[in-house]
Amino acid sequence: MNNIKIYKNPNDFKKYLQTLKGTYVAEGSEGKVYRINNDEIFKKYIYYDKYMLQKYNKDMLMESDLKLDSFIFPREMHITNKGIVLGYKAKYFPNNMLDPLNIPDNLNIESLIKARLKFIEDTKVITEYGYYLFELANNLMFDNKNLVAIDTLDYEKRKVTLEENISIIDYAILTQLQYKFPYIDNLGEFDKEIDKVYKKTLHRF
């Protein structure tokens with residue numbers, strides 16, 4: 001339990017946040033992300049109503065549970081004494097090029113396809129542990145070499161096939177790319193034959 005920090009008093013968590021002295025990075029529907037040193041971030045959850053509450057459970061994968069290059073799991077969780085997730089520490093991933101609203105022109109599609117293969121290898125491990133990659137879309141990052149998943153707390157422990165998880169991976173990649181390439185209706189699955197069509201299609205833009 002060393003990587004689980006429990007707070008009985010909300011003020012204690014506020015005091016902890018003040019010690020971090022983080023630099024704001026980004027925010028989404030769940031909360032705000034701060035870079036707290038060279039290789040770590042802290043995600044602080046913000047709940048706008050009771051239906052958004054994220055509750056900690058023992059099936060949530062931590063970095064200490066499973067080390068996979070393609071998945072950035074929390075390395076330290078911060079929760080209330082009732083199990084509500086307040087935030088977590090995780091590895092910092094620099095130079096993300098897969099921001100759906102700001103994909104640079106030098107994003108390397110061939111490298112992305114290769115990185116996808118490595119991602120699938122790590123997904124085989126996740127699948128063998130019985131995890132379904134829930135809400136992967138818009139939670140992928142890519143630096144022209146490595147493809148990684150963030151915000152993994154919602155992964156579901158249930159019966160799942162590798163094919164199901166691969167379809168989620170491809171849907172997530174397509175979702176994030178189609179902001180940049182709105183005229184491509186369907187890039188299909190990323191098997192070898194479609195990879196060729198995929199790369200040729202993108203080279204037209």
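Residues numbered from 1 in each chain as written. Predicted model: local features only at pLDDT ≥ 70, side-chain atom pairs only at ≥ 80, totals over all residues. Heavy atoms only, no water.

Asker: An account of empty space enclosed by the protein is requested, with residue identities and associated values reported.
Answerer: A complete count under the given rule lists 1 cavity of 30 Å³ or more for this structure. The computed volume of the largest cavity comes to approximately 30 Å³. Forming the boundary of the largest cavity are D59, M60, L61, F73, Y131, T152, L153 and Y155. Looking at the lining of the largest cavity residue by residue, the class counts come to 6 nonpolar, 1 polar and 1 charged. (1 Å grid on protein atoms, 1.4 Å probe; cavity = no way out; pocket = protein on both sides within 12 Å on 5 of 7 lines; lining within 4 Å. Points joined across faces, edges and corners; volume = space filled by probe spheres on them. Nonpolar A, V, L, I, M, F, W, Y, C, P; charged D, E, K, R; others polar.)

Asker: How would you explain the packing of helix α2 (residues 109-128) against helix α3 (residues 162-177) if you had to name every residue and give the values?
Answerer: As a packed pair, α2 and α3 sit with axes 10 Å apart at the nearest point and diverge in direction by 145 degrees. By crossing handedness, the relation of α2 to α3 is classed as right-handed. Residue-level contacts link L112, R116, F119, I120, T123, K124 and T127 of α2 to L162, N165, I166, I169, D170, I173 and L177 of α3. For the contact of α2 with α3, a count of residues per class yields 8 nonpolar, 3 polar and 3 charged. (Axes fitted to C-alpha atoms, helices over the stretch in contact; angles between N-to-C directions. Helix = DSSP H or I, 4+ residues; strand = E, 2+ residues; numbered from the N terminus. Left-handed = near helix turned anticlockwise from the far one by under 90°. Contact = heavy atoms within 4.5 Å.)

Asker: Give a description of the layout of surface pockets that names residues and reports values.
Answerer: A volume near 880 Å³ is recorded for the largest pocket. Lining the largest pocket we find 34 residues, and of these V33, N138, N139, I150 and D151 sit closest to its centre. Those elements that place two or more of their residues in the lining of the largest pocket are β2 (23-27), β3 (31-37), β4 (40-45), β6 (85-91) and β8 (140-142). In the lining of the largest pocket, the residues fall into 18 nonpolar, 8 polar and 8 charged. Its boundaries defined by the atoms lining it, the second largest pocket holds a volume of some 300 Å³. Lining the second largest pocket are 17 residues, with L68, D69, S70, F71 and K91 positioned closest to its centre. Those elements that place two or more of their residues in the lining of the second largest pocket are α2 and β9 (147-149). Class assignment of the residues belonging to the lining of the second largest pocket gives a composition of 9 nonpolar, 2 polar and 6 charged.

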